[in-house]
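# Architecture and fold: a report
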Amino acid sequence: MVEKLRKFIDKVLTKLHLIKYKELILYLIVGGGTTVVDWAIFTVFALFVPPIGGEFVQKISPNILAYAVAWLGAVIFAYVFSRLFVFEQTGEKITTQFPKFLGSRVMTLVLSIVGDMILCGLLHMNAFIAKAIISIAVIIINYVTSKLLVFNKKKEE
């Protein structure tokens, strides 16, 4: 199924004369899906799940639970679709590759929580406006770390 979908994508991109931009186009599509997953989970938790951690935690990072759960869901989604379609990696074992992917994404979880602490905790910004600002930085960092650290194609010797 995955191989058929890959061939279909190649045909469409070839017809549109965009095949040389395949990785970037697919990254944007998978990134868009990852963003939808992240925002959907974040929204559900921000609107419907009671805050955790007491008054102190709520003052410094009011949306910490929403960010953490949304991050985990987005990481799992992004890994699966990046591995299968964007970087077309099937050779390296998941047991060695996924921990690298997870580790590279921890930086964005920290960025999200620190961003929440500053934008929502200190500046009292609307949680969804803060999330939009933080998301831009996260997308850029995720592409760079995925490309350079996780899905790098090693030259065959």
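For the structure given in this document, a descriptive report is provided here. (Residues numbered from 1 in each chain as written. Predicted model: local features only at pLDDT ≥ 70, side-chain atom pairs only at ≥ 80, totals over all residues. Heavy atoms only, no water.)

## Concerning the overall build of the chain
Assigned secondary structure in the chain consists of six helices and zero strands. When the helices and strands of the chain are listed from N to C terminus, the series reads α-α-α-α-α-α. Projected onto the principal axes, the alpha-carbon positions of the chain cover approximately 55 × 35 × 25 Å. Relative to its full complement of 157 residues, the chain shows a buried share of 33%. Taking as baseline every contact in the chain between residues at least 6 positions apart, the subset at least 24 positions apart corresponds to 73%. Of the accessible surface of the chain, which amounts to about 9,700 Å², a share of 74% is contributed by carbon and sulfur atoms. (Helix = DSSP H or I, 4+ residues; strand = E, 2+ residues; numbered from the N terminus. Buried < 20%, exposed > 50% of the residue type's maximum accessible area, 1.4 Å probe, protein only. Contact = heavy atoms within 4.5 Å. Areas by Shrake-Rupley, 256 points an atom, 1.4 Å probe, with all protein chains shown as cover.)

## Topic: the packing of helix α4 (residues 64-86) against helix α5 (residues 94-122)
One can describe the packing of α4 onto α5 by two numbers: an axis separation of 10 Å at closest approach and a directional angle of 145°. Seen from above, α4 lies across α5 with right-handed handedness. Here Ile64, Tyr67, Ala68, Trp71, Val75, Ala78, Tyr79 and Arg83 of α4 lie close against α5, whose contacting residues are Ile94, Gln97, Phe98, Phe101, Leu102, Arg105, Val106, Thr108, Leu109, Ser112, Ile113 and Asp116. Tallied by class, the residues present in the contact of α4 with α5 amount to 14 nonpolar, three polar and three charged. (Axes fitted to C-alpha atoms, helices over the stretch in contact; angles between N-to-C directions. Left-handed = near helix turned anticlockwise from the far one by under 90°. Nonpolar A, V, L, I, M, F, W, Y, C, P; charged D, E, K, R; others polar.)

## A few points about α5
Each α-helix turn comprises 3.6 residues. Residues three or four places apart therefore point the same way. With 29 residues, α5 ought to run about 42 Å at 1.5 Å a step, and its terminal C-alpha atoms sit 40 Å apart, in line with that. His124 sits one or two positions beyond α5 and adopts a positive phi of about 55°. (Expected span 1.5 Å × (residues − 1).)

## Some words on the nonpolar core
By size, the foremost hydrophobic cluster in this structure holds 17 residues, and its most contacted members are Ile9, Val86, Phe101 and Phe151. If one sorts the elements of this core by residue count, α4 sits on top with six residues. (Core = buried A, V, L, I, M, F, W, Y, C linked by side-chain atoms within 4.5 Å.)

## Quick word on the packing of α5 against helix α6 (residues 127-150)
In contact at an axis separation of 9 Å, α5 and α6 are set at 155° when each is read in the N-to-C sense. Between α5 and α6, the crossing angle belongs to the class labelled roughly antiparallel. For the element pair α5 and α6, the recorded crossing hand is right-handed. Residue composition of the contact of α5 with α6, by class: 14 nonpolar, eight polar and three charged. (Parallel < 35°, antiparallel > 145°, perpendicular 65-115°, else oblique.)

## Some points on the pattern of salt bridges
With the rule as written, the count across this model stands at three salt bridges. Lys22 is the salt-bridge partner of Asp10, the closest N and O atoms lying 2.5 Å from each other. Of this pair, Asp10 sits in helix α1 (residues 2-15) while Lys22 sits in helix α2 (residues 22-48), and the two are twelve residues apart along the sequence. By relative accessible area, Asp10 is classed as partly exposed at 26%. (Salt bridge = Lys/Arg side-chain N within 4 Å of Asp/Glu carboxyl O.)

## So, the environment of Ile29
Among the structural elements, Ile29 can be located in helix α2. Using a relative accessible area of 54% as the deciding quantity, one classes Ile29 as exposed.

## Focus on α4
All buried positions along α4 are accounted for by Ala66, Tyr67, Ala70, Trp71, Ala74, Val75, Ala78, Tyr79, Ser82, Arg83, Phe85 and Val86. At its buried positions, α4 is contacted by α1, α2, α5 and α6. Positive phi shows up at Glu88, right after α4, with a value of about 45°.

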